[in-house]
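So you can see what is in the structure, the chains are spelled out below.
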Amino acid sequence: FSCTDAICSVPHFCTVLLSRQFVDMSRIRIEGLLAAFPKLVGTGKQHTYVETENVRYVYQPIESLYLLLVTTKQSNILEDLETLRLLSKLVPEYCFSLDEEGVCKTAFELIFAFDEVISLGQKENVTVAQVKQYCEMDSHEEKLHKLVLKSKIDETNDLMKRKAIEIDKQKIEKSKGEKGGYLPLQSMGSGRIDSEISIGGGGFGSGSGFGFSTDVDSFSTKSKGRPPASATAPPKGLGMKLGKTQRTNQFLESLKAEGEVIVEDVRPSVGPSGSAAAPLTDPVTLTVEEKLNVTLKRDGGLSNFAVQGTLSLQILNQDDGLIQVQVETGGNPGVSFQTHPNVNRDLFSNKNILGLKDPNRPFPAGQSGDGVGLLRWRMQSIDESVVPLTINCWPSVSGNETYVSIEYEASSMFDLQNVVISVPLPALREAPSVRQVDGDWRYDSRSSILEWSILLIDNSNRSGSMEFVVPPADSSIFFPISVRFTAANTFSDLKVVNILPLKGGQPPKFSQRTQLSTDEYQVV
């Protein structure tokens, strides 16, 4: 690109050199060619090329810049003009503004795109869409590899938790057999049941009420060689509190010994100094979650489509509570938002900022789960085009067998992950005969359900099918078909833009988690 200002003697950006003779040119030679171009091009001329003794400059004005192609005089000028037209189409695809600053910001993207068009001084037979695809390098295999790796890590973590629980049960049974009872709490770990009811002042809690919080800590599994944590007395503070008792601890131990599953809330371990270890998470976490409820008709059509979303805030330290959250709503006209009663509704309506009505009041810290709910929204539609995944089931009886063909078709709006399509079957003595499947399948003989699973649905597999054979059965047996999946995008396209501190200084570091999942997704 060269500057159109006549006083410029050296172009501001690199040009495109089109010839095999230019491949091994020195930098001084290239700079000399570029420096000569502003002197050769004149004002008011209608030509799009300039020739010298050795080279030809083919150029095209783009607002305040020139797109310049330097070739030998022996090259075909018609092919050069075609190359120049293709390059001129690529420039607006990568540059936000057609000026020197906009070109410099996307310099490397333009170089990569031009490199896909010109190879060793010759034009490649490519289109704009192909160049964009080559530069994006969106790999379906890479996505699958990452999902498989994440699934293996999750399975390993679950296995470790189960093994830890089994070891804990064995310790309890062993101590019960040796002493004829249960070990005291100090030898097994720490357990605490604390309930706190705030008497004065209205708190800001998650859920439907304010000022009520319940904390349940059960046994923490300790690895071999680590000293067990001693039981700590309940913290003292305002309000009414219920401290732990030895009877409560024995009750929890007896439940675990009998094989009952105790829901555990793992908290940072407390050392001798009484200070909790810092968790490896951001100070502020915002969670955008949408639940999808869809009912499709087996013969086509949509019976129900509803999306319910929430934005939750979780703060680790109370010092970071004096903040406001700036969001972008995505501009979907079908989504209706509703703020929390303690959130300033006018501030959100006018500036898309979520803050408390009392600016001197901080958000609560240390909330369990996903934290404090700030915003809710809902979306309903009767338009079938918004459905992310449609399922068609075609059962047909032929002789002593029923052939069932199922196909899915996914919308391009979302890339769906961990897709599972569950088809009810008649009672069978053995698994159905699956003739063809895109993905994996599993037969649950206990509930007589065939599960068709696809790890990832993206642009490479927007449609797929499965065919299986069972004994003769009525077509209504295969309904309702249940579907579950997750996605990293949402219908509201809600994004957290910034965290605004109310007390000045640097805003705390924050992270955003976004997920779309199915609540009830059926074909009836």
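Here, the structure is the one placed above.
Below: a short report on this structure. (Residues numbered from 1 in each chain as written. Predicted model: local features only at pLDDT ≥ 70, side-chain atom pairs only at ≥ 80, totals over all residues. Heavy atoms only, no water.)

## Points about the sheet that holds strand β22 (residues 449-457)
Paired through backbone hydrogen bonds, the strands of a sheet run either parallel or antiparallel to each other.
And step 1. Spatial strand order, β14-β16-β12-β11-β26-β24-β19-β22-β21: nine strands in an open sheet with mixed pairing. Each edge of the open sheet carries a strand with a single partner, namely β14 (335-339) and β21 (440-444). Pairs of neighbouring strands in the sheet enclose a mean axial angle of 15 degrees, with direction left out of account.
And step 2. Bridging between strand β19 (residues 416-424) and strand β24 (residues 481-487) involves five bridges; their strand directions are antiparallel. Residue Ile421 lies in a different strand from β24, and its bridge partner there is Val483. (Pairing = 2+ DSSP bridges. Helix = DSSP H or I, 4+ residues; strand = E, 2+ residues; numbered from the N terminus. Axes fitted to C-alpha atoms, helices over the stretch in contact; angles between N-to-C directions.)

## A closer look at the packing of aromatic side chains
And step 1. Counted by the stated rule, this structure contains eleven aromatic pairs.
And step 2. Ring centres of Tyr59 and Tyr66 lie 5.4 Å apart, and the angle between their planes is 80 degrees; this geometry places the pair in the edge-to-face category.
And step 3. On the accessibility criterion, Tyr59 (6% relative accessible area) is buried.
And step 4. We classify Tyr66 as buried; its relative accessible area is 13%.
And step 5. Taken together, a centroid distance of 6.0 Å and an interplanar angle of 65 degrees make the contact between Phe337 and Phe348 edge-to-face. Of this pair, Phe337 sits in strand β14 while Phe348 is found in helix α9 (residues 345-351), placing the two residues eleven residues apart along the sequence.
And step 6. It is Arg298 that lies over the ring of Phe479; its NZ or CZ is 4.1 Å from the centre. (Phe/Tyr/Trp six-rings, centres within 6.5 Å; stacked < 30°, edge-to-face > 60°. Buried < 20%, exposed > 50% of the residue type's maximum accessible area, 1.4 Å probe, protein only. Lys NZ or Arg CZ within 6 Å of the ring centre and 35° of its normal.)

## Some details on a nonpolar patch on the surface
And step 1. The grouping of Phe108, Ile111 and Phe112 at the surface amounts to a nonpolar patch, some 350 Å² of accessible area in total.
And step 2. Along the polypeptide, Ile111 turns up in helix α4 (residues 107-117).
And step 3. You can call Ile111 partly exposed: its relative accessible area is 39%. (Patch = residues over 30% accessible without salt bridge, like charges linked within 9 Å, V, L, I, M, F, W, Y side chains within 5 Å. Areas by Shrake-Rupley, 256 points an atom, 1.4 Å probe, with all protein chains shown as cover. Salt bridge = Lys/Arg side-chain N within 4 Å of Asp/Glu carboxyl O.)

## Thoughts on helix α2 (residues 77-94)
And step 1. Helix length check: α2, at 18 residues, gives a terminal C-alpha distance of 26 Å against a target of 26 Å (1.5 Å per residue), a fit within 8%.
And step 2. For α2, the complete set of buried residues consists of Asp80, Thr83, Leu84, Leu86, Leu87, Ser88, Leu90, Val91 and Tyr94.
And step 3. Two or three places before Leu78, at the start of α2, stands the capping residue Asn76, its side-chain oxygen 3.0 Å from that residue's backbone nitrogen. (Expected span 1.5 Å × (residues − 1). Polar contact = N/O pair within 3.5 Å; in protein donor to acceptor, adjacent residues only side chain to side chain.)

## A closer look at the environment of Leu81
And step 1. Summarising the element assignment, Leu81 is placed in helix α2.
And step 2. Judged by relative accessible area, which is 24%, Leu81 ranks as partly exposed.
And step 3. Separated by 33 residues in sequence, Leu81 and Thr48 place their C-alpha atoms 9.0 Å apart.
And step 4. Setting aside anything within four residues of it in sequence, one finds Leu81 in contact with Thr48 and Val58. (Contact = heavy atoms within 4.5 Å.)

## Observations regarding unusual backbone geometry
And step 1. A cis amide bond, omega 0 degrees, links Phe479 with the succeeding residue Pro480.
And step 2. The residue Pro480 is located in the loop between β23 (463-470) and β24 in this model.
And step 3. The phi dihedral of Asn418 is positive, around 50 degrees, even though this residue is not glycine.
And step 4. With respect to the helices and strands, the residue Asn418 is situated in strand β19.
And step 5. The phi torsion at Ser448 lies on the positive side, around 55 degrees, for a residue other than glycine.
And step 6. Relative to the helices and strands, Ser448 resides in the loop between β21 and β22.

## Description of the sheet that holds strand β17 (residues 389-398)
And step 1. Reading across the sheet, the four strands line up as β17-β18-β23-β20 and stay open at both edges, with antiparallel pairing between neighbours. Only two strands of the sheet have a single partner each, and these edge strands are β17 and β20 (433-437). The average undirected angle you get between the axes of adjacent strands in this sheet is 15 degrees.
And step 2. Of the pairings in the sheet, the one linking β17 to strand β18 (residues 401-410) comprises ten bridges and is antiparallel in character. Across the sheet, residue Ser398 finds its bridge partner in β18, namely Glu401.

Don't take any of this as a statement about function, it's just geometry.
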